[in-house]
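Architecture at a glance
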Amino acid sequence: QVQLVESGGGLVQPGGSLRLSCAASVRLFSIYTMGWFRQAPGKQRELVASIISGGSTNYADSVKGRFTISRDNAKNTMFLQMNSLKPEDTAVYYCRATMMNQNNYWGQGTQVTVSS
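So, how was this worked out
Residues numbered from 1 in each chain as written. Predicted model: local features only at pLDDT ≥ 70, side-chain atom pairs only at ≥ 80, totals over all residues. Heavy atoms only, no water. Helix = DSSP H or I, 4+ residues; strand = E, 2+ residues; numbered from the N terminus. Rg over C-alpha atoms; globule rule 2.2 N^0.38 Å. Buried < 20%, exposed > 50% of the residue type's maximum accessible area, 1.4 Å probe, protein only. Contact = heavy atoms within 4.5 Å. Areas by Shrake-Rupley, 256 points an atom, 1.4 Å probe, with all protein chains shown as cover. Lys, Arg positive; Asp, Glu negative; His and termini not counted. Charge placed at Lys NZ, Arg CZ, Asp CG, Glu CD. Disulfide = S-S within 2.5 Å. Pairing = 2+ DSSP bridges. Axes fitted to C-alpha atoms, helices over the stretch in contact; angles between N-to-C directions. Core = buried A, V, L, I, M, F, W, Y, C linked by side-chain atoms within 4.5 Å.

Before going further, it helps to examine the overall build of the protein chain. On a plain count of helices and strands, the protein chain comes out with zero helices and eleven strands. Moving toward the C terminus, one meets the helices and strands of the protein chain in the order β-β-β-β-β-β-β-β-β-β-β. Here the C-alpha radius of gyration of the protein chain, 13 Å, is about what a compact globule of 116 residues would show, namely 13 Å. Considering only C-alpha atoms, the protein chain reaches an extent of 40 × 25 × 25 Å along its principal axes. The buried share among the 116 residues of the protein chain stands at 44%. Across the protein chain, the fraction of contacts at a sequence separation of at least 24, relative to all contacts at a separation of at least 6, is 53%. In the form shown here, the protein chain has an accessible surface area of approximately 6100 Å², with 47% of it arising from carbon and sulfur atoms. Charge-centre separation for the protein chain: the mean point of 11 positive side chains lies 5 Å from the mean point of 6 negative side chains.

Inspection of the entire model under this criterion finds one disulfide. Residue pairing for C22: its cysteine sulfur links by disulfide to C95, the two sulfurs lying 2.1 Å apart. Around the S-S axis, the bridge from C22 to C95 shows a dihedral of about 60° and counts as right-handed. Taken as a pair, C22 in strand 3 (residues 18-24) and C95 in strand 9 (residues 91-99) lie far apart in primary sequence, 73 residues in all.

So, about the sheet that holds strand 7 (residues 67-72). The strand order across the open sheet built from four strands is 1-3-8-7, with neighbouring strands paired in antiparallel fashion. In this open sheet, the two strands that pair with only one neighbour each are strand 1 (4-7) and strand 7. Adjacent strand axes in the sheet meet at a mean angle of 15° when their direction is disregarded. Here strand 7 runs beside strand 8 (residues 77-82); their pairing, made up of six bridges, is antiparallel. Counted as the bridge partner of F67 is M82 from strand 8.

So, on to the nonpolar core. The biggest cluster of nonpolar side chains holds 32 residues, and the ones touching the most others in it are L4, W36, L80, M82 and Y93. Elements with a minimum of two residues in this core: strand 3, strand 4 (31-39), strand 5 (46-52), strand 7, strand 8, strand 9 and strand 11 (110-114). Considering every element that reaches this core, the biggest residue donor is strand 9, with five residues. Leave out the neighbours within four places in its chain, and Y93 touches E6, L20, W36, F37, R38, V48, F67, L80, M82, G109, T110 and V112.

Geometric values such as these leave the question of function open.
Rendered as structure tokens:
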């Protein structure tokens, strides 16, 4: 079992920044892929960004150039730096860990609200 705990969400004005954290209960090198997803009210959950164990990253077109995903193996933590936030970024953000055996684990989510 892998426990994931997100933090760092909150209310921010348009154009502002937030940094989300996802702390894992296992060493990150045991996780094949980690990703951030988000789900807005009435919409399906969508992939925001992902990072594989080798360090390669992938971003949704809607966040390219504004969001940066990273991982700190020493702290067993993944981050999502979000800059130039827009109202359409408002959602619950979830982190997910995909293990080598393809099992997926999810965090409980953290709310991000972008509003003036």
